[in-house]
Amino acid sequence: MVFKLISCLFLSIGFNAYAQKTVKELDLYLLIGQSNMAGRGAVDAQSQETSEAILMLDKNNNWVTAKDPVHFDRASAGVGPAISFAKSMLEGKKNTQIGLIPCAWGGSPIKVWSPGAKYFENFPYDEAIARAKIAMQSGVLKGILWHQGESDNDSKKSAVYLSKLKTLVANLRRDLNMPDLPFVAGEIGCFNKADYINKIVNTLPDEVENTAVVSSEGLVDKGDQLHFDSPSARELGKRYAEAMKKLQAKITGENKSKTDKPKKVSSAKSNQPTVVLTFDDAEISHYNNVAPLLKKYGFDATFFVCEFPLKNPNQKNEYMTWGQIQELHKKGFEIGNHTGHHKNVTKLSPEDIDKEVAYVEEKCAEFNIPKPISFAYPGNRYDSISQGILKKRGYKYARTGGSKLYNSVTDPVLAIPSYTVISSDKYYERVKKALTDLLPGETIVLTFHGVPDLIHPDYSTTIENLKEILQLIKDKKYKVVAMKDM
Ligand SMILES: [Zn+2]
């Protein structure tokens, strides 16, 4: 679906008059949530007023003059907060043009606002990211407006709402590569029969930087105790704009004071060879030996975790606990998915692949580790079915074997080759040679198991050998990244 959206853009953008008009850079805003963001107010005379300064990305990813209904989620889409928000953002600004990116879906619960999640025929989160990225070819994303909560407004769902909302903000900022992106949420109407959500939403700014919440006080419904009427939706839009301006001013102020300080100059050259360090199977040596060594060198890495099937209960001590995996995450390392139980995915049914992948995601959620976006195929075995499932679940990278360098033009991102590092002469010398011969612009992915590996001695790397490799990388001044940053 995401791919379709993107290819659709390439077909359409060159032929669209507005797209050509907007090369000058739009201020972009992503609009997400459920029906009150999409707008359900009656379209009226005021809805006919348009301005060339406010554009919207239509259903087919074309820029057109914005007009209610901005959204297209349902035939009932009408007046929402979007246009009055844009008008307020433009007050006092002469040469600014706004691009609205409508992506809300009526009735959507927060659980479908996550990577890979489906809502009827759509993938709200994935499509929002894809459309935002399309829009970002014509401007700069300045913020996100979120209005959602009616579908989670009961005692049970509201209890987990804050953690889901925090994850959503983190995922959006990660996937859009904008860690400080302003995020403004709105209270649901005070006219709703129950009120579980608003007090939870209001705790967001205490928990997450650069977020704000706008009040729904005094706003009225259109008679259904659920949706704002048109004047109220417009007032809500103005409140979003006030909150957004304040957040933007705060961030600009902070960035100014940051640039006053001397900048740490990186010696990194843009085209230097890249090494991706990955460690498989959640072995205890990763926690005891590898992480401290990597920290010493200041190198990032990806740990591909699973619950390795045990041959006897004593083997349990040879693997990390989820608590230890969580500590690796807190130290800044990436946690990747290696299936729940180290299963050869080519031997599983699609349902079972899905379950095995979901298992690690659920464990990560339980331990406050971000949902993995990198995957390593157990035994390096993969097929198009497993690739399709990973793509659907929002994975950006998947690693296999093959003992060759990664070629970003010919290798699919869901089948990235790697070299396995083992302290036996043949393997070790091969890896060292590949590393030593690395040229500018080239990328090598290394796969390690235990350092050392007591359970699978055939895959063991000694601490001395790991040190030697890390030192070689350091001496050569290669760039070292986790898989998610490839
Ligand atoms: Zn493995």
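Residues numbered from 1 in each chain as written. Predicted model: local features only at pLDDT ≥ 70, side-chain atom pairs only at ≥ 80, totals over all residues.

**As for the packing of helix H13 (residues 350-366) against helix H14 (residues 384-392)**
Here comes step 1: Where H13 contacts H14, the axes come no closer than 10 Å and their chain directions differ by 45°. It follows that H13 is oblique to H14 by the angle criterion. Here the hand of the crossing between H13 and H14 comes out right-handed. Packed against H13, whose contacting residues are Pro350, Ile353, Asp354 and Val357, the element H14 presents Ile385, Ser386, Ile389 and Leu390 at the interface. (Axes fitted to C-alpha atoms, helices over the stretch in contact; angles between N-to-C directions. Helix = DSSP H or I, 4+ residues; strand = E, 2+ residues; numbered from the N terminus. Parallel < 35°, antiparallel > 145°, perpendicular 65-115°, else oblique. Left-handed = near helix turned anticlockwise from the far one by under 90°. Contact = placed C-beta atoms within 7 Å.)

**Observations concerning the sheet that holds strand E2 (residues 54-57)**
Two orientations exist for strands paired in a sheet by backbone hydrogen bonds: parallel and antiparallel.
Here comes step 1: Here 7 strands make up an open sheet; going across it, the order is E3-E2-E4-E1-E5-E6-E7 and the pairing mixed. Each of the sheet's edge strands pairs with one partner strand only, and the pair in question is strand E3 (63-65) and strand E7 (211-214). Strand-to-strand twist in this sheet, taken as the mean axis angle between neighbours without regard to direction, amounts to 30°.
Here comes step 2: Sheet analysis places E2 next to E3, joined by 3 bridges and oriented antiparallel. In the strand pairing of E3, Met56 is matched with Val64.
Here comes step 3: This element, helix H4 (residues 82-90), spans strand E1 (26-33), E2, strand E4 (98-102) and strand E5 (139-147) of the sheet and lies at about 155° to E4. (Pairing = 2+ DSSP bridges.)

**Quick notes on the UniProt feature "domain: NodB homology" (unreviewed entry) in the chain**
Here comes step 1: Per the UniProt record, "domain: NodB homology" (unreviewed entry) is annotated on residues 273-481.
Here comes step 2: Between the first and last C-alpha atoms of residues 273-481 the distance is 11 Å; the span itself is 35% helix and 18% strand. (UniProt positions renumbered as here; feature names shortened; annotations may be inferred.)

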